[in-house]
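Coordinate analysis (summary)
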Amino acid sequence: MTAKGYITDTTTSETLSFLYAPDPIGESHQPVYADATVIGRSDPVQQFTAGGANAVRFRLDFHWRTNDLAEVFRKCRWLKSLTYPDHDSRELRGAPPKVLLGLGELYRNAVWNVRRADAVFRDRFDPATHYPLMATVDMELVQVTARSLSFRDVRVGSVAGGASAAPSDGIPTLGSWVGGERVRLIPG
């Protein structure tokens, strides 16, 4: 069966593929407004101060399908590892890895930070090892952009706008993060 989606760690090029597109997929963006009090006015004036993060949320389901009893647990821990920085016992080496989310043309040029990877192990466990045989992982990713986006950038790729954002728009692309290196697949 062909994978319907994937998440790629741009640091190591490891990829976790999954067979089913997540349903539902939630998107959010919350700009920040400040209330400006005006003398003699009954309500404040709303002043835009900053943009919020572009976030996407979805749930992945994992079911044990191979002879590897740790399969489900290992996939959940790999997703969780994307929220941790790189460091040795003495010092921080770098922020958590950036990821690519592959879901067909949806989010084709987007690069993300993983904000959450909350696993719930459920229903069935191996009696000898107690490894979970089923799990769900609630994911939240926040988009990384090279520059501040305007409403025009967001409309690109919409029904009214046409094709997805181009690399010249300052939005990182797959090639600029993975660099064409060999991608090691984590069995999906």
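Residues numbered from 1 in each chain as written. Predicted model: local features only at pLDDT ≥ 70, side-chain atom pairs only at ≥ 80, totals over all residues. Heavy atoms only, no water.

Let's shift gears to helix 1 (residues 71-81). For helix 1, the complete set of buried residues consists of Glu 71, Val 72, Lys 75, Cys 76, Trp 78 and Leu 79. Around the axis of helix 1, the buried residues are gathered within 155° of arc, so they sit on the same side. (Buried < 20%, exposed > 50% of the residue type's maximum accessible area, 1.4 Å probe, protein only. Helix = DSSP H or I, 4+ residues; strand = E, 2+ residues; numbered from the N terminus. Arc of directions from axis to C-beta.)

Looking now at the environment of Val 72. Position of Val 72 relative to the elements: it lies in helix 1. In this structure Val 72 comes out as buried when scored by relative accessible area, which is 1%. Remark: the alpha-carbon pair of Val 72 and Phe 62, spanning 10 residues in sequence, is separated by 6.0 Å. Contacts of Val 72, omitting those with residues within four sequence positions, involve Phe 62, His 63, Trp 64, Pro 132, Leu 133, Met 134 and Ala 135. (Contact = heavy atoms within 4.5 Å.)

Scored by pLDDT, the protein chain comes out at a mean of 81, with 81% of its residues at no less than 70. Predicted confidence in the protein chain is weakest over helix 3 (residues 174-178), with a mean pLDDT of 44, and strongest over strand 10 (residues 111-121), with 95. A low-confidence stretch, residues 158-188 stays under pLDDT 50, and its non-local contacts, those more than four residues away or across chains, total 56 contacts. (pLDDT = per-residue confidence, 0-100.)

The full count for this structure, using the stated rule, is 11 salt bridges. Note that Glu 140 is salt-bridged to Arg 115, the shortest N-O span being 3.6 Å. Highlighted residues: Glu 140 in strand 11 (residues 134-144) and Arg 115 in strand 10, separated in sequence by 25 residues. Overall, the relative accessible area of 11% leaves Glu 140 in the buried class. Taking the relative accessible area as the measure of exposure, Arg 115 reaches 48% and is therefore partly exposed. (Salt bridge = Lys/Arg side-chain N within 4 Å of Asp/Glu carboxyl O.)

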